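Structure at a glance
Below are the chains, spelled out letter by letter.
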Amino acid sequence: MTTTETAKQVEIAAQAIRQQTIYRPTVGLVLGSGLSELANSIQDPDIISYDRIPGWPQSTVVGHSGRLVIGTLEGKTVLVQQGRAHYYEGYDMDQITLPVRVMRTLGIQVLIVTNAAGGINADFSPGDLMLITDHINFLGMAGQNPLRGPNDETVGPRFPDMIGTYDPGLRKLAHETAAANNFTLQEGTYAYVAGPSFETPAELRFLRTVGADAVGMSTVPTVVVARHAGMQILGISSITNKAVPDPEPGTVLDHEEVLETGKQIIPRLTSLLRGILQQL
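Below, the structure is looked at part by part. These numbers come from a predicted model, not from an experiment.

Conventions adopted
Every chain begins its residue count from 1, and numbering advances along the sequence as written. Two thresholds apply to this predicted model, a pLDDT of at least 70 for residue-level local features and 80 or more for giving and counting side-chain atom pairs, whereas whole-chain, interface and lining totals are computed over all residues. Only heavy atoms go into the side-chain values, all of them from the structure, while hydrogens and water stay out. What counts as a helix is a DSSP run of H or I of at least four residues, what counts as a strand is a run of E of at least two, and both are numbered from the N terminus. We compute the radius of gyration from the C-alpha atoms alone; for a globule the expected value is 2.2 Å times N to the 0.38, where N is the number of residues. A simple rule labels every residue: compare its accessible area, found with a 1.4 Å probe on the protein chains alone, to the largest value its type can have, and call it buried under 20%, exposed over 50%, or partly exposed in between. Pairs of residues are marked as contacts when any of their non-hydrogen atoms sit within 4.5 Å. Computed with a 1.4 Å probe, the accessible areas rest on the Shrake-Rupley method; for each residue, only the protein chains presented here act as cover. When charges are tallied, Lys and Arg are placed among the positive residues and Asp and Glu among the negative ones, while His and the ends of the chain are skipped. Note on charges: their place is set at NZ of Lys, CZ of Arg, CG of Asp or CD of Glu. Working definition of a nonpolar core: buried Ala, Val, Leu, Ile, Met, Phe, Trp, Tyr and Cys residues. They are joined through side-chain atoms within 4.5 Å. Each salt bridge in this description consists of a side-chain nitrogen of Lys or Arg and a carboxyl oxygen of Asp or Glu lying within 4 Å of one another. Note on aromatic contacts: the rings of Phe and Tyr and the six-membered ring of Trp form a pair at centre separations within 6.5 Å, being stacked when their planes are under 30 degrees apart, edge-to-face when over 60 apart, and tilted otherwise.

Considerations on the overall build of the protein chain
Helix and strand counts for the protein chain stand at 8 helices and 9 strands. Taken over the C-alpha trace, the protein chain has a radius of gyration of 18 Å; the compact-globule value for 280 residues is 19 Å, and the two agree within 12%. Along the first, second and third principal axes, the C-alpha atoms of the protein chain reach 55 × 40 × 35 Å. A total of 280 residues make up the protein chain; the buried ones form 54% of that total. In the protein chain, of all internal contacts separated by at least 6 residues, the share reaching a separation of at least 24 is 82%. When the accessible area of the protein chain is evaluated, it comes to approximately 12100 Å², of which 51% is carbon and sulfur surface. Side-chain charges of the protein chain comprise 20 positive and 28 negative groups, with the mean position of each set lying 6 Å from the other.

A look at the nonpolar core
Ile17, Leu68, Val102 and Leu111 are the most contacted members of the largest nonpolar core, which totals 44 residues. A per-element tally of this core places helix 7 (residues 220-228) first, with 5 residues. Beyond its immediate sequence surroundings of up to four residues, Leu68 is in contact with Ile17, Asp46, Ile47, Ile48, Tyr50, Ile53, Trp56, Leu79, Val80 and Gln81. The next biggest cluster of nonpolar side chains, apart from the first, holds 28 residues, and it includes Ile42, Ile236, Leu272 and Leu273.

Focus on unusual backbone geometry
The omega angle of the peptide bond from Gly195 to Pro196 is 5 degrees, so this bond is cis rather than trans. When you line up the elements, Pro196 lands in the loop between strand 7 (186-192) and helix 6 (201-209). Residue Asn182 is not a glycine yet carries a positive backbone phi of 65 degrees. Taking relative accessible area as the criterion, Asn182 reaches 73% and is therefore assigned exposed. Located in the positive-phi region is Thr219, a residue other than glycine, with phi close to 80 degrees. Following the sequence through the fold, Thr219 ends up in the loop between strand 8 (214-216) and helix 7.

Examining the pattern of salt bridges
Counting across every chain of the model gives 4 salt bridges. A salt bridge links Glu11 to Arg18; its shortest N-O distance comes to 3.1 Å. We classify Glu11 as partly exposed; its relative accessible area is 37%. We classify Arg18 as partly exposed; its relative accessible area is 23%. Where Arg171 meets Glu187, a salt bridge forms, and the shortest distance between an N and an O atom there is 3.5 Å. One end of the pair, Arg171, is in helix 5 (residues 168-180); the other, Glu187, is in strand 7, and 16 residues separate them in sequence. Judged by its relative accessible area of 17%, Arg171 is buried.

Comments concerning the packing of aromatic side chains
Tallied over the entire structure, the rule returns 2 aromatic pairs. Both rings, one in Tyr50 and one in Trp56, keep their centres 5.5 Å apart while their planes meet at 40 degrees; by these two values the pair is tilted. Across this residue pair, the class does not change: Tyr50 and Trp56 are buried. Here Phe138 and Phe206 contribute two aromatic rings whose centre-to-centre distance is 5.9 Å and whose plane-to-plane angle is 50 degrees, an arrangement assigned as tilted. Placement of Phe138 in helix 4 (residues 138-141) and of Phe206 in helix 6 is noted, with a sequence separation of 68 residues between them. Overall, the relative accessible area of 45% leaves Phe206 in the partly exposed class.

Next up, the structure:
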């Protein structure tokens, strides 16, 4: 898809959203597997099903509701992406990053991205929340970067700097909020892989060796596009399972475990996001 075609598709989608809501959001939130219930906290929401937005990618994964929830939370006007599309579902990078391009067009400057991730760091336990400090973009390094192709200079530079992508100020707010609510946050590097198969023990040993603390199948393409557009970004991984490089015989991991642990994390994640929004 050319730059002109992408820009046209983004504007059509943004205009469709404007026509279906009275709100003008300034903060965007992307919710991962098992976390969709968080959107129920939004006050007086306008709810827009993805199939009512031209070109918007439809999620096919259990735990991803497939709608936008737009309204107020802690005095801020927010747009919540309740469920996302993934590369492994058959979409290309332009399609899975369309939502964040639309958010930018709608005027959103702060992006909070959540995901469910496997904990590679031995100090992590299921139920932990990890602030993302950096990422390893395996698909991007192999050529599937969402910025590949002609660059739109009106959006961002040809070669965006990825140092400090995950905003230190927002991470500080997150730590202060967690402390005020009597829990702690982990920090670490998130490894982005394609999926949908879970990682083999050998792959997990490799990821651990190159410095990954958690691994998942989303988030990074969205973050790359948001960074290119100059947005402030906070990334939060819900550690839903231990990604063990040396599993016991008979160990089995399935998506239901991810969803169940995600439900247990919701109260703390809700408190965290509310506290951050209060201080923005």
